[in-house]
Structures are given as C-alpha cells and as structure tokens.
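Residue-level structural notes
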Amino acid sequence: GSQARQQAISAVLNYKPISPPLNFDETPAADIYGCNVFSITEMEKRLPKQVFKSVKRTIERGEPLDNSIADVVAAAMMDWAISKGATHYAHVFYPLTGITAEKHDSFLSPDGKGGAIAEFSGAQLIQGEPDASSFPSGGLRSTFEARGYTAWDVTSPAYILENPNGTTLCIPTAFVSWTGPALDKKTPVLRSMKALNTQAQRLLKLLGHKDIPMVTATCGPEQEYFLIDRNFFFARPDLVNAGRTLFGAKPPKGQEFSDQYFGAIPERVLAYMLECEREFYKLGIPVKTRHNEVAPSQYEVAPIYENANVAADHQQLLMMILKNVASKYGMSCLLHEKPFAGVNGSGKHLNWSLGNSAQGNLLDPGETPHQNMQFLLFCGAVIRAVHLHSTLLRAVIAHAGNDHRLGANEAPPAIISIFLGDMLADVFEQIKKSGAPTSSKGKGTLTVGVDTLPQLPKDAGDRNRTSPFAFTGNKFEFRAVGSNQSLSGPLVALNTIVAESIDYIATELEKATGGDPAKLAPAAQTLLKSIVEKHGVVIFNGDGYSEAWHQEAEKRGLPNLKQTVDALEYIATPENIAMFEKYAVLTKEEVVSRQEIYYEQYCLTINVEANLMAEIAKTVIYPASTRYVGELASSGASLKAVGVEFDATLLNKVVALNKSLVATVAKLEEAASHGGGGGHGVANPKETAFYLKNSVIPLMVELRGIVDELETYVADDHWPLPTYQEMLFIK
Ligand code: ADP
Ligand code: MG
C-alpha cells in the first residue's frame with residue numbers, strides 16, 4: 001500500500017493491549033451495578049420518608065411532581081454526587097439532531113468571604129436554561145428569542161459520569177422553548193407514554209380488572225455496530241467526516257462464508273466489550289447479550305427491556321460509551337447504518353411491549369392465545385395501528401443513513417408489514433373465519449436427536465429476519481430502526497398509534513356492551529373479526545426480501561416508500577397532526593417543525609457527503625491515479641526505446657477513468673452548489689431534499705463507481721485509502 005496506508009497497517013499490527021487489564025475478581029459485576037445511579041434505593045436511604053414517598057409516586061404512578069420537595073431532593077442528590085467526587089452538575093437533554101446535549105454548572109458559589117460553598121437548589125434541579133440558539137427548532141423559536149428551558153425528568157434517574165479528572169452529576173431533562181413547544185426528543189415520549197397509559201387503563205377496566213397500576217411502554221433495543229482500528233479510521237476522511245465510507249471497492253472476501261456471525265469474539269474486541277459492560281453496569285444499563293454480527297467486524301449489544309423512556313435515555317448513553325471506550329482500545333466504533341457498501345449495515349431492533357406490575361406483559365399470549373381475549377385485543381390493537389399508520393412508522397425511521405440499508409436485501413424492505421408467526425397467524429385466521437377461535441397450534445418440543453442433550457421447547461413461531469415488524473413471543477420487534485437513530489421518534493409513533501387503536505377498541509366495546517359484562521366476550525369477538533377483516537392485509541409471514549412480496553404488497557395496497565424524501569411527507573399529514581393533537585403528544589406546530597428539521601438534516605448530510613466526495617476524488621484519488629499513469633507511460637516509453645512492444649490497454653483504461661473522474665467531479669460540484677449547504681441552514685428544506693435526491697445523489701453514485709473501478713486498476717502501492725479488506729479484516 002501507499003506509505004500512509006502502510007503506516008496505518010504497521011500501527012495496527014503493533015497494537016499493545018491496555019495494561020493492567022480490567023479485572024472483575026477485584027470488583028464483581030454485581031457490586032458495581034448501578035453504583036453511579038441516584039436510584040430509588042439511594043433515594044430511600046437519603047430522603048425523609050414523606051419526600052421519598054412523594055417522589056416514588058411520581059415515578060411509579062405518574063402523579064404530578066410536588067415542586068415543594070425539590071429543595072430536599074436537590075440537597076440529597078448533591079451530597080450523594082459529591083460523595084462520588086462530583087464538582088459539577090449537568091442538565092442532559094436530547095435536541096432534535098438526535099444527539100445528547102449537556103450543559104455543565106459548578107456546585108460552587110462564592111461565599112463572599114473569599115471562599116466558596118457547594119450549593120444546589122431545588123430550582124436548579126428542576127429547571128435549567130441552556131442557550132438554545134444553535135439547536136434546530138424548525139421555526140419554533142426565532143433566534144432573537146433564543147431561550148430554551150430544560151426541565152427535570154423525575155422518571156429517569158440521575159447518574160454520575162466519570163472522567164479521569166473528576167465526575168459530573170447528570171440529570172435527564174426535557175427541553176422546551178421559551179414559549180412552550182417541545183424542542184427535543186424526550187418530551188413527546190413522555191406525553192405518548194401518558195396517552196398509552198390512559199387508553200390501556202380504560203381497556204383493562206372494561207375487561208374487569210380492578211387494581212390497575214400505571215401501564216408503561218417497555219423497550220429493549222438491540223444495537224448493532226462496527227469496530228475498526230483507529231489508524232484506519234483516521235486515514236479515511238470519509239469515515240471521519242461522514243461516518244461511512246464514500247468510496248471503496250468490494251473486497252474479494254466479504255461475508256459470504258458466514259464465518260463471522262456468532263463466531264468467537266476477537267480478544268481485543270472482547271476486552272473492549274468487557275470495559276463497555278462495566279461502564280453500562282455502573283450506570284444501571286442492564287446489558288445482557290453480546291455477539292458477533294453477520295458482517296466482518298460487526299457486533300451487537302442488547303440490554304434487558306425497561307420502561308421505554310428510561311430505555312431511550314440509556315440507549316443514548318450506551319451509544320456514547322460505545323464510542324468513547326473504543327478509542328481507549330485503539331478502535332473506532334461506527335454507528336452509521338451503512339459504513340461499508342456491499343456488506344450488511346447496522347440496525348437497532350426496537351423490541352416493544354406494554355404492561356404493568358399487576359396485569360403483567362399485555363402482549364404475552366400465554367400457552368393458549370385463542371382463549372386469551374385480553375391478549376387478542378391488545379395484539380389486535382397493534383395490528384390495526386400498524387396497518388392504519390404504516391406510513392408514519394416508515395417516516396420516523398427515515399433519514400439519510402437508513403436509506404442505504406432499508407430494502408437492500410439485508411434489512412427489511414421499506415414496506416411495513418407484520419410477521420405474526422404460525423401460531424398467532426392461525427388464531428387470527430380462525431377469528432377472521434368464524435369470530436371465535438377454538439384452538440392454538442401447540443408449541444411442541446424439538447428433539448435434538450442426541451440422547452444426552454435436553455429436549456428444547458419449540459418457539460411458537462420461527463424467526464423471520466426479513467420482516468420490519470415481527471411478533472417475537474411476547475413483544476413486537478421493530479427492525480427497521482437505524483443503528484444511529486434516537487429511539488424516541490419510533491417510540492413516540494408506536495405509543496401514539498397503539499394508544500389510538502386501544503381507544504378505538506375501548507370505545508367500540510363500550511358502545512356494544514353498554515356496560516353489561518356478559519356482553520363483553522361476544523362483542524370482543526365481533527370487533528376482533530372486523531379488525532382482522534379490515535387490517536389483516538398487513539400480516540405477512542413470508543420472505544420480505546423477495547420480489548414477489550413487492551408485487552403482492554402493492555396488490556394489498558401497502559405503501560412502499562423507498563426513500564427518506566418520500567417518507568418524510570407522512571410525518572405531518574392532516575390525519576397524523578389530528579392524532580398527535582388528540583392525544584396531546586405533539587401540537588400541529590411541533591409536528592410541522594419536526595418535519596422541517598428532518599428534511600433539513602437530510603440536506604445537511606447529503607451536502608457534506610457530496611462535497612467530501614468531490615474533495616477526496618480531486619485531492620486524494622486523482623493524484624494517486626495520475627502518478628500511476630505517469631509510471632505506466634514512462635515504462636511504456638522505456639520499452640519502446642529498447643524496441644519491446646508495450647501493451648497500452650491498462651494505461652488507456654486508467655487514463656479513461658481519470659478523465660471520467662474529472663468530468664464527474666465537475667458535474668457533482670456544480671450540482672451540489674445548488675444544494676443549500678454552506679452552514680447557514682437550508683432555505684427550503686423539503687424542496688432541497690428532493691433536489692439533492694434527484695440531482696446530486698445520482699452523481700455521487702456515478703463518481704463512486706468510477707473511483708471504485710480505479711481501485712481495481714491502480715497499483716496497490718499508490719492507492720491512498722485503506723481498503724475494505726484492510727479495514728474489515730486486519731484486527
Ligand atoms: P432475540 O431478538 O434475538 O430473540 P431476545 O428474545 O433475547 O432476543 O430479546 C431481544 C430484546 O427484546 C431484549 O433487549 C429484551 O430485553 C427485549 N424484550 C424482551 N421482552 C420485552 C418486553 N416485554 N418489552 C420490550 N422488550 C422486551
Ligand atoms: Mg432480535
């Protein structure tokens with residue numbers, strides 16, 4: 001390879017493991033679990049009984065926060081934090097860019113006598129005022145009124161973030177503008193959880209339950225990511241600036257041997273995972289599984305599910321920790337949906353359900369779902385919701401990165417359908433035929449055929465990796481979510497559309513029974529039958545990757561919104577605005593501003609990528625291939641001089657590719673110059689997004705084709721960028 005590449009490779013090969021290694025004998029995992037969390041247990045220890053009870057009621061029952069207790073909680077929180085070495089506190093919030101933001105303030109205040117005292121008041125705990133002017137607001141807050149407020153979210157525990165030089169108390173908050181509208185991802189999650197609780201309570205009451213604790217949405221996200229050596233990362237300007245490779249020929253060996261999935265984890269990676277896990281444990285992030293994923297150098301981590309709001313906060317922390325710890329091990333963690341073309345991309349499977357402490361998981365079918373009316377009604381609500389609002393679900397996973405992944409024969413297609421599995425599909429089929437299902441297909445047992453191995457209980461449905469929305473035992477798994485995305489958008493959509501469907505079901509049942517419990521069962525059967533008749537078309541248990549499905553889906557009238565620009569339209573349809581307003585999740589102006597921000601984010605991403613591509617092609621690739629042309633030409637001339645024939649095929653090929661490169665770069669630069677980039681925001685985000693998709697992306701694809709072909713011709717010792725082979729296989 002070129003000198004820079006050679007140096008990167010030697011640096012990788014000379015990597016020395018960190019010493020001393022972490023050791024779980026000295027501090028067992030169970031001892032550190034949650035040690036940096038201001039948990040319920042910690043509060044119970046530190047707060048007066050009445051205050052503790054009041055906070056607990058807010059957390060567990062969703063009762064309004066009693067502001068008068070804030071001073072007491074703040075003082076206890078500060079004492080705890082200082083005992084953990086904290087000097088500062090930070091309101092952590094989640095602006096619409098999808099990142100995590102934090103504003104730090106010191107606990108210290110001058111005491112007027114030349115010293116300082118530590119102080120943290122209830123007012124400081126409850127409310128903060130970061131400068132909001134540089135966060136996107138989609139027109140909700142004009143810059144001359146750049147004020148935004150952060151408001152303490154009592155339901156997500158405060159925690160300590162460590163740094164070798166000190167620690168910080170972090171307080172999860174909602175972020176709203178001066179005039180009230182939400183500027184963040186958390187606020188609508190909280191509102192949608194409330195709506196879901198209200199409607200689920202209604203239905204459970206109709207079903208005869210008396211004691212009904214708060215129903216919460218639960219969420220367990222599976223996070224996929226790539227790890228590559230940092231020396232390669234920094235030798236690739238595209239990875240550094242765009243998070244994905246904009247160029248790179250397919251390696252001769254990709255993932256076709258399937259030798260990576262669940263394979264043994266390389267030592268350095270395992271050491272990294274252990275350290276990440278230790279950090280997760282300290283913060284009470286309940287991670288459970290880790291394994292290799294399908295693509296080379298791709299991995300996955302998954303926690304045990306939690307209250308969806310807490311899970312979303314934990315997810316943001318988890319992504320940050322994955323990135324931070326990687327550098328300590330000489331690696332870079334890539335969370336982009338498609339860092340490498342031609343091998344699998346990364347998703348974030350959002351496992352979702354709802355339940356409470358008395359009625360349990362409301363999507364648990366039990367052994368005999370056909371007799372479980374409660375389950376069938378909640379499951380029916382999800383089926384109806386997904387069918388009616390598939391375009392919204394598609395819209396909330398739409399962003400530039402995910403366009404490379406969805407429908408690319410490795411991730412679910414952009415058509416939203418539901419996989420139910422054999423047993424449930426059969427039960428709903430019976431409902432459709434007769435209204436009254438009479439049997440559930442047995443789960444059975446699997447005999448492995450080796451006497452010494454145990455018999456395994458068989459799952460009631462096989463796994464189907466090709467479905468974007470699959471029922472997996474006792475929860476739904478939304479698989480189309482992108483690896484780099486905040487969970488909040490998908491959670492808000494799911495919570496709200498299911499709340500709407502439960503509302504519909506409860507209202508219909510109330511009408512049909514007129515309050516007479518004896519009429520409930522027949523009314524539920526009739527209702528379920530009509531739901532399956534109207535919405536059953538969204539159920540599809542076959543191969544979602546197949547061409548046949550695309551045709552079949554079209555016949556069934558299921559939308560297929562292939563690209564971000566097609567999907568974003570559906571965030572702010574009149575029906576969706578009405579729904580969000582009805583359930584007090586988002587106002588019209590909040591919905592519209594969000595849509596505008598998402599178009600804008602798309603434009604900014606494509607602009608950066610287009611400009612980067614042009615620059616790398618001109619300043620990195622072209623010089624290398626031109627040098628190679630010079631070399632070929634002079635060896636041709638030398639051969640001629642001694643009377644030996646020179647075959648100019650290769651030379652001509654590279655010259656021709658160079659010529660196309662120059663021409664295409666010029667076209668791309670011209671096209672991109674109308675794309676509204678330049679750091680001043682985008683004037684007409686929607687229009688510009690379509691322009692970029694139709695006029696700039698095709699040129700990016702063309703330029704990539706040329707450069708990737710050049711990579712297969714130019715002498716290896718001239719090629720300037722680390723190759724796919726090197727990045728994915730040298731560890
Ligand atoms: P897989 O998807 O590979 O079958 P698991 O069955 O272990 O994996 O579950 C995947 C994720 O689903 C985990 O994060 C798990 O916590 C989560 N999960 C399990 N039950 C629920 C639930 N009731 N609500 C939300 N998520 C859940
Ligand atoms: Mg899964």
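None of these values were measured; they are calculated from a predicted model. (Residues numbered from 1 in each chain as written. Chains lettered and ligands numbered in written order. Predicted model: local features only at pLDDT ≥ 70, side-chain atom pairs only at ≥ 80, totals over all residues. Heavy atoms only, no water.)

1. Some thoughts on the overall build of the protein chain
On a plain count of helices and strands, the protein chain comes out with 24 helices and 20 strands. A compact globule built from 731 residues should have a C-alpha radius of gyration of about 27 Å, and the protein chain, at 28 Å, falls within 12% of that. When its C-alpha atoms are laid out on the principal axes, the protein chain stretches across 105 × 80 × 65 Å. Relative to its 731 residues, the protein chain shows a buried fraction of 53%. In the protein chain, of all internal contacts separated by at least 6 residues, the share reaching a separation of at least 24 is 75%. Counting every atom, the protein chain has about 31,400 Å² of accessible surface; 53% of that belongs to carbon and sulfur. (Helix = DSSP H or I, 4+ residues; strand = E, 2+ residues; numbered from the N terminus. Rg over C-alpha atoms; globule rule 2.2 N^0.38 Å. Buried < 20%, exposed > 50% of the residue type's maximum accessible area, 1.4 Å probe, protein only. Contact = heavy atoms within 4.5 Å. Areas by Shrake-Rupley, 256 points an atom, 1.4 Å probe, with all protein chains shown as cover.)

2. Quick word on the packing of aromatic side chains
Under the definition given, this model contains 17 aromatic pairs. Residues Tyr225 and Tyr299 carry aromatic rings whose centres are separated by 6.0 Å and whose planes lie at 40° to one another, so their mutual orientation is tilted. Pair noted here: Tyr225 is in strand β9 (residues 216–229) and Tyr299 is in strand β11 (residues 298–303), with a separation of 74 residues, a long-range link. A single burial state applies to Tyr225 and to Tyr299, both of which are buried. Here the aromatic residues Phe375, Phe469, Phe471, Phe476 and Phe478 are joined through ring pairs into a cluster of three or more. Above the ring of Tyr15, the side-chain terminus of Arg268 is found at 4.0 Å from the ring centroid. The residue whose ring lies beneath Arg384 is Tyr504, and the NZ or CZ to ring-centre distance is 3.9 Å. (Phe/Tyr/Trp six-rings, centres within 6.5 Å; stacked < 30°, edge-to-face > 60°. Lys NZ or Arg CZ within 6 Å of the ring centre and 35° of its normal.)

3. Quick word on the pattern of salt bridges
Applying the stated criterion to the full structure yields 31 salt bridges. The salt bridge partner of Asp105 is Lys103, with a shortest N-O separation of 3.9 Å. Asp105 gets classed as partly exposed once you look at its relative accessible area, which sits at 28%. The class of Lys103 is partly exposed, set by a relative accessible area of 34%. Across the pair Lys511 and Glu508 runs a salt bridge whose closest N-O atoms are separated by 3.1 Å. In this pair, Lys511 and Glu508 both sit in helix α16 (residues 488–513), three residues apart, roughly one turn of the helix. With relative accessibility at 26%, the residue Glu508 sits in the partly exposed group. Linked by salt bridges that have partners in common, Arg202, Asp503, Glu510 and Lys582 make up one network. (Salt bridge = Lys/Arg side-chain N within 4 Å of Asp/Glu carboxyl O.)

4. Section: the coordination of the magnesium ion (ligand 2)
Protein coordination at the magnesium ion (ligand 2): the donors are Glu222 (OE), Glu222 (OE) and Glu477 (OE), at 2.3 to 2.7 Å from the metal. Of the two residues, Glu222 sits in strand β9 while Glu477 sits in strand β20 (residues 476–478), which places them 255 residues apart along the sequence. Residue classification places Glu477 among the buried positions, given a relative accessible area of 8%. (Donors = N, O, S within 2.8 Å, 3.2 Å for Na, K, Ca; no water.)

5. Points about the environment of Pro365
The residue Pro365 is located in the loop between β15 (360–361) and α12 (373–388) in this model. For the pair formed by Pro365 and Phe375, sequence separation is ten residues and the distance between their alpha carbons is 5.7 Å. Sequence-distant contacts of Pro365, that is, excluding residues within four places in its chain, are made with Asn372, Phe375, Phe471, Gly473 and Asn474.

6. Let's talk about the packing of α12 against helix α15 (residues 422–434)
Running from amino to carboxyl end, α12 crosses α15 at an angle of 90°, the nearest separation of the two axes being 12 Å. Comparing their axes, α15 and α12 come out roughly perpendicular. Taking contact as the criterion, the partners of Phe375, Leu376, Cys379, Gly380 and Ile383 in α12 are, on α15, Leu424, Val427, Phe428 and Ile431. Here the contact of α12 with α15 is built from residues that sort into eight nonpolar, one polar and no charged. (Axes fitted to C-alpha atoms, helices over the stretch in contact; angles between N-to-C directions. Parallel < 35°, antiparallel > 145°, perpendicular 65-115°, else oblique. Nonpolar A, V, L, I, M, F, W, Y, C, P; charged D, E, K, R; others polar.)

7. Let's talk about unusual backbone geometry
We note that Ser297 has phi near 65°; this positive angle belongs to a residue other than glycine. On the accessibility criterion, Ser297 (1% relative accessible area) is buried. Positive phi values are uncommon outside glycine, yet Ala584 reaches one of about 55°. Its place among the elements puts Ala584 in the loop between α20 (574–582) and α21 (588–641).

8. Focus on the pairing of strand β10 (residues 287–292)
The side chains of a regular strand alternate, first on one face of the sheet and then on the other. By the bridge criterion, five bridges tie β10 to β11 in an arrangement that is antiparallel. Bridge assignment links Asn292 to a residue of β11, and that residue is Tyr299. The turn joining β10 and β11, which pair antiparallel and follow one another in sequence, is formed by five residues; a positive phi near 65° is taken by Ser297. (Pairing = 2+ DSSP bridges.)

9. A look at the nonpolar core
Core analysis: the biggest nonpolar cluster contains 129 residues, and Trp352, Leu354, Leu420 and Phe478 have the highest contact counts within it. Examining the composition of this core, we find that 15 residues originate from one element, α21, more than from any other. Filtering out sequence-adjacent residues up to four positions away, Leu420 remains in contact with Cys379, Ile383, Ala425, Phe428, Phe471, Phe476, Ile539 and Asn541. Ranked by size, the runner-up nonpolar core spans 30 residues in total, among them Tyr94, Leu227, Val287 and Tyr329. (Core = buried A, V, L, I, M, F, W, Y, C linked by side-chain atoms within 4.5 Å.)

10. Remarks on the side chain of Arg268
Counting through the fold element by element, Arg268 comes out in helix α10 (residues 267–282). Among the residues examined, Arg268 registers a relative accessible area of 14% and is labelled buried. Within the local environment of Arg268, its side chain forms a polar contact with the side chain of Asp229, the two groups lying 2.8 Å apart. (Polar contact = N/O pair within 3.5 Å; in protein donor to acceptor, adjacent residues only side chain to side chain.)

11. Side note on the state of the cysteines
Under the counting rule described, the total for this entry stands at zero disulfides. Counting only cysteine sulfurs, Cys35 is the nearest neighbor of Cys170, a cysteine outside any disulfide, at a range of 14 Å. In this structure Cys276 is not part of a disulfide, and its nearest cysteine sulfur, from Cys333, lies 7.6 Å away. (Disulfide = S-S within 2.5 Å.)

12. Side note on the confidence of the model for the protein chain
Residues with a pLDDT of 70 or more make up 92% of the protein chain, whose mean pLDDT is 90. Below pLDDT 50 for its whole length, residues 445–450 participates in eleven contacts with residues either more than four positions away or in separate chains. This complex was scored by the predictor with a pTM of 0.93 and an ipTM of 0.95. (pLDDT = per-residue confidence, 0-100.)

13. Some details on the side chain of His535
One can find His535 in helix α17 (residues 520–535). With a relative accessible area of 7%, His535 lands in the buried category. Setting aside chain neighbours within four positions, we find His535 in contact with Ile383, Arg384, His387 and Leu388.

14. Considering the pairing of strand β8 (residues 166–177)
Across the twelve residues of β8, ten count as buried, placing the element largely inside the fold. Note: strand β1 (residues 86–93) against β8, six bridges, orientation parallel. Looking at the pairing, Val92 lines up with Pro172 of β8. Bridge analysis of strand β6 (residues 148–152) against β8 gives five bridges, and the strand direction is antiparallel. Following the sheet pairing, Trp152 is matched in β8 by Thr173. Here strand β7 (residues 159–163) pairs with β8 via five bridges, running antiparallel. Paired with Leu161 across the strands is Thr168, a residue of β8. Joining the antiparallel neighbours β7 and β8 is a turn of two residues.

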